[in-house]
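Architecture and fold: a report
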2 protein chains.
Amino acid sequence: MQAELHNLDGQRLHESIVLRFHALIQQGILKHGAKLPAERVLAEQLKVGRGSVREAIRTLELQGLVVSKHGSGTFINTQSLDAMTTLMTSALGPGGSETQLRDIFEVRHLLEPQLAALAAQRATPADVERLSSILVEQRRQIMEGETGVDADTKFHYALATATHNAALIKVVSAVEDVLRQSRDQSLQQPGRAERSLASHRQILEMVSNRDHHGAREAMEHHLTAVEPSSVFVE
Amino acid sequence: MQAELHNLDGQRLHESIVLRFHALIQQGILKHGAKLPAERVLAEQLKVGRGSVREAIRTLELQGLVVSKHGSGTFINTQSLDAMTTLMTSALGPGGSETQLRDIFEVRHLLEPQLAALAAQRATPADVERLSSILVEQRRQIMEGETGVDADTKFHYALATATHNAALIKVVSAVEDVLRQSRDQSLQQPGRAERSLASHRQILEMVSNRDHHGAREAMEHHLTAVEPSSVFVE
DNA sequence: AAACTTAAAGTGGTCAGACCACTTTTTAAG
DNA sequence: CTTAAAAAGTGGTCTGACCACTTTAAGTTT
């Protein structure tokens, strides 16, 4: 609701230094391999403290645009992948990297149906048991008037666990984490919580039946049912 | 209570501070919204200078893990997408075993074909142009005897960019980053680099033709051709 | 008692100078 | 010329101070 990172006037000093270097690099004035002036010299030239110069260099280094070598100097490095992406996004606009909610939902649409299919192929009886008990909890929460958002999140996490793929589990849990608040809001709409529970049951049934095709479709249906529909149509 | 800030080979002080906070956040000791001690206090607790603390905080802020507010304090912020990707790569990086590599390839199989389809639907002429120039670079690298791993990584990243989905871009870049070394090893096998270039061209053709179905299949084929398990297939 | 105003404390942002650790260059010795 | 030692250059860190902004507490007014 509230804008966060549009602090035009409240710009920190080292940040403006970073932007200055971005410009110098994009204009080709600083080329790959070029050596930057020493921090002390840079500080004097820019008329700032050395600490600010260092914090700016730290930022540039994290962006992959520069490499500092103890004892020898700091060098431009525009051939790294990080450097490429940084310059691209820097040229694209001043706005920070805030991600839209529908972008995340799109990732879920790409990921979770496939994930459900994988889970259907690999879920152990213990996994099915865990998923089942989570649905019991979700049912209880809903009957007590809650949204069941905790159980909802747990279900998706448990489903990821059922794939027995560590990388997948981490990706999904991270994505789910970001979604938690907005999900709670979504589930407060009348009938939404019950519908979520119903489609969860459908997914679980497919998984326990080892029907990976059905699980994929059930998850796709679930996401469509839960996502903040009719918000913005592009 | 007072653990040692062990200084490994060539590790800068502020970097070890960053790693320390990564651990604290991943262990759940520092939760979203928590307020960090003041920089002066932190410096005294860690027995380092305030400048080092500030450079560490600058890094954490760039990684999206904390937010500093002038006059009020510095706060943990793990609900941003940046935070999620950095924690992901931080967890995936050091403990990298072979098992995790296979898991990551599986994630790519789930993600990238869909991603290619999306890119085919949304790629702008500028995106196509960028992809094309990357392939030129890859061809040049291969002809010079290199593996072309840089161009290879750039291609997948640029493809993610063509979806114009910030969340997707970040997830993919996190996954690709981990894959880089193993990819280089994979591409050193005879004929593998050329085949990678060929399938990249096929993907680009599908994308430029807006053929999302073809792009999906081409990417699936590409991944199967490049992934380590296919060593025995040829 | 409540609302407003003002002063103080807390905290991030910046600056200055100093010293250390490492690297490169210069100088001196063989 | 080769080699070793000294010097210079540079990033890394520490200390202490002051500024700018925010929050809190104290004091005043209503």
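Residues numbered from 1 in each chain as written. Chains lettered and ligands numbered in written order. Predicted model: local features only at pLDDT ≥ 70, side-chain atom pairs only at ≥ 80, totals over all residues. Heavy atoms only, no water.

With that out of the way, let us pick up the pattern of salt bridges. Between side chains of opposite charge, pairing is possible as soon as their charged atoms come close. All chains considered together, the criterion is met by 24 salt bridges over all chains. Note that B:Glu55 and A:Arg54 form a salt bridge whose closest N and O atoms lie 2.7 Å from each other. On the criterion of chain membership, the pair formed by B:Glu55 in helix 3 (residues 50-62) and A:Arg54 in helix 3 (residues 50-62) is interchain, its members lying in two chains. Classification of A:Arg54 by relative accessible area gives partly exposed; the value is 25%. Among the ionic pairs, B:Arg12 bridges to B:Glu15, the shortest N-O distance being 2.7 Å. A residue is classified by how much of its surface remains accessible, and B:Arg12, at 26% relative accessible area, is partly exposed. One continuous salt-bridge network, built from bridges that share partners, spans A:Arg12, A:Glu15, A:Glu55, B:Glu39, B:Arg50, B:Arg54, B:Arg58 and B:Glu61. (Salt bridge = Lys/Arg side-chain N within 4 Å of Asp/Glu carboxyl O. Helix = DSSP H or I, 4+ residues; strand = E, 2+ residues; numbered from the N terminus. Buried < 20%, exposed > 50% of the residue type's maximum accessible area, 1.4 Å probe, protein only.)

For the rest of this paragraph, the subject is the environment of A:Gln121. Mapped onto the elements of the fold, A:Gln121 is located in helix 5 (residues 101-122). Each residue touching A:Gln121, except ones within four places of it in the same chain, is listed here: A:Arg210 and A:His212. (Contact = heavy atoms within 4.5 Å.)

Lining the immediate environment of DNA strand C, one finds 24 residues, of which A:Arg12, A:Leu13, A:Gly49, B:Arg40 and B:Gly71 sit closest. Counted by atom, the contact set of DNA strand C within 4 Å of the protein is 60% sugar and phosphate. At 2.8 Å from a base nitrogen of DNA strand C is found a side-chain nitrogen or oxygen belonging to B:Arg50. Tallying contributions element by element places helix 3 of chain B first for the surface near DNA strand C, with 3 residues. By residue class, the composition of the surface near DNA strand C is 3 nonpolar, 11 polar and 10 charged. (Near = heavy atom within 4 Å. Polar contact = N/O pair within 3.5 Å; in protein donor to acceptor, adjacent residues only side chain to side chain. Nonpolar A, V, L, I, M, F, W, Y, C, P; charged D, E, K, R; others polar.)

Attention shifts here to the protein's contact with DNA strand D. Taken together, 24 residues sit near DNA strand D, with A:Arg40, A:Arg50, A:Gly71, B:Leu13 and B:Gly49 positioned nearest. Put simply, 59% of the atoms of DNA strand D that lie within 4 Å of the protein are in sugar or phosphate. Here A:Arg58 contributes a side-chain N or O atom positioned 3.4 Å from a phosphate oxygen of DNA strand D. The separation between a phosphate oxygen of DNA strand D and a polar side-chain atom of B:Arg12 is 2.8 Å. Secondary-structure elements contributing two or more residues to the surface near DNA strand D are helix 2 (39-46), helix 3 and strand 2 (73-76) of chain A together with helix 1 (13-26) and helix 3 of chain B.

Following both chains from N to C, one finds helix 3 of chain A and helix 3 of chain B inclined at 35°, their axes separated by 10 Å at the closest point. Our pair here, helix 3 of chain A against helix 3 of chain B, has a crossing hand that is right-handed. Facing helix 3 of chain A, whose interface residues are A:Arg54, A:Glu55, A:Arg58, A:Thr59 and A:Leu62, helix 3 of chain B presents B:Arg54, B:Glu55, B:Arg58, B:Thr59 and B:Leu62. Looking at the contact of helix 3 of chain A with helix 3 of chain B residue by residue, the classes come out as 2 nonpolar, 2 polar and 6 charged. (Axes fitted to C-alpha atoms, helices over the stretch in contact; angles between N-to-C directions. Left-handed = near helix turned anticlockwise from the far one by under 90°.)

Using the criterion set out here, one finds 0 aromatic pairs over all chains in the structure. Positioned above the aromatic ring of A:Phe75 is the side chain of A:Lys69, whose terminal nitrogen or guanidinium carbon lies 5.9 Å from the ring centre. (Phe/Tyr/Trp six-rings, centres within 6.5 Å; stacked < 30°, edge-to-face > 60°. Lys NZ or Arg CZ within 6 Å of the ring centre and 35° of its normal.)

This paragraph deals with the side chain of B:Ser196. Residue and element names in this part refer to chain B. Counting through the fold element by element, serine 196 comes out in helix 9 (residues 192-208). Overall, serine 196 belongs to the buried group, its relative accessible area being 1%. Setting aside chain neighbours within four positions, we find serine 196 in contact with Gln138, Asp152, Leu187, His222 and Val226.

Attention shifts here to the environment of B:Ile25. All names here are of chain B. Along the polypeptide, isoleucine 25 turns up in helix 1. On the accessibility criterion, isoleucine 25 (8% relative accessible area) is buried. Sequence separation of isoleucine 25 and leucine 65 is 40 residues, and the distance between their C-alpha atoms is 8.7 Å.

It is worth spelling out the pairing of strand 1 (residues 66-69) of chain B at this point. All names here are of chain B. Along strand 1, the buried face is formed by Val66 and Ser68; none of Val67 and Lys69, which line the opposite face, is buried. Note: strand 1 against strand 2 (residues 73-76), 4 bridges, orientation antiparallel. Bridge pairing in strand 2 places lysine 69 opposite glycine 73. Between strand 1 and the antiparallel strand that follows it, strand 2, lie 3 residues; glycine 71 among them carries a positive phi value of about 95°. (Pairing = 2+ DSSP bridges.)

Turning next to the packing of helix 5 of chain A against helix 10 (residues 212-226) of chain A. Residue and element names in this part refer to chain A. Look at helix 5 against helix 10: their axes get within 7 Å of each other, and the N-to-C directions meet at 145°. Relative to helix 10, helix 5 is oriented so that their crossing is right-handed. Across the interface between the two elements, Arg108, His109, Glu112, Pro113, Gln114, Ala116, Ala117, Ala120 and Gln121 of helix 5 pack against His212, Ala215, Arg216, Met219, Glu220, Leu223 and Thr224 of helix 10. The residue inventory of the contact of helix 5 with helix 10, partitioned by class, reads 7 nonpolar, 5 polar and 4 charged.

Before going further, it helps to spend a moment on helix 3 of chain A. For helix 3 of chain A, spanning 13 residues, the distance from its first C-alpha to its last is 18 Å, which sits close to the expected 18 Å at 1.5 Å a residue. The complete set of buried residues in helix 3 of chain A reads A:Val53, A:Glu55, A:Ala56, A:Ile57, A:Arg58, A:Thr59, A:Leu60 and A:Glu61. Those residues of helix 3 of chain A hidden inside the fold are in contact with helix 1 (13-26), helix 2, strand 1 (66-69) and strand 2 of chain A together with helix 1 and helix 3 of chain B. Positive backbone phi, at 80°, marks A:Gly64, one or two positions downstream of helix 3 of chain A. (Expected span 1.5 Å × (residues − 1).)

Moving on to the environment of B:Arg139. All names here are of chain B. With respect to the helices, strands and loops of the structure, arginine 139 is situated in helix 6 (residues 125-143). Sequence separation between arginine 139 and glutamate 194 is 55 residues; the distance between their C-alpha atoms is 8.3 Å. Among residues more than four places away in sequence, those in contact with arginine 139 are Leu197 and Arg201.

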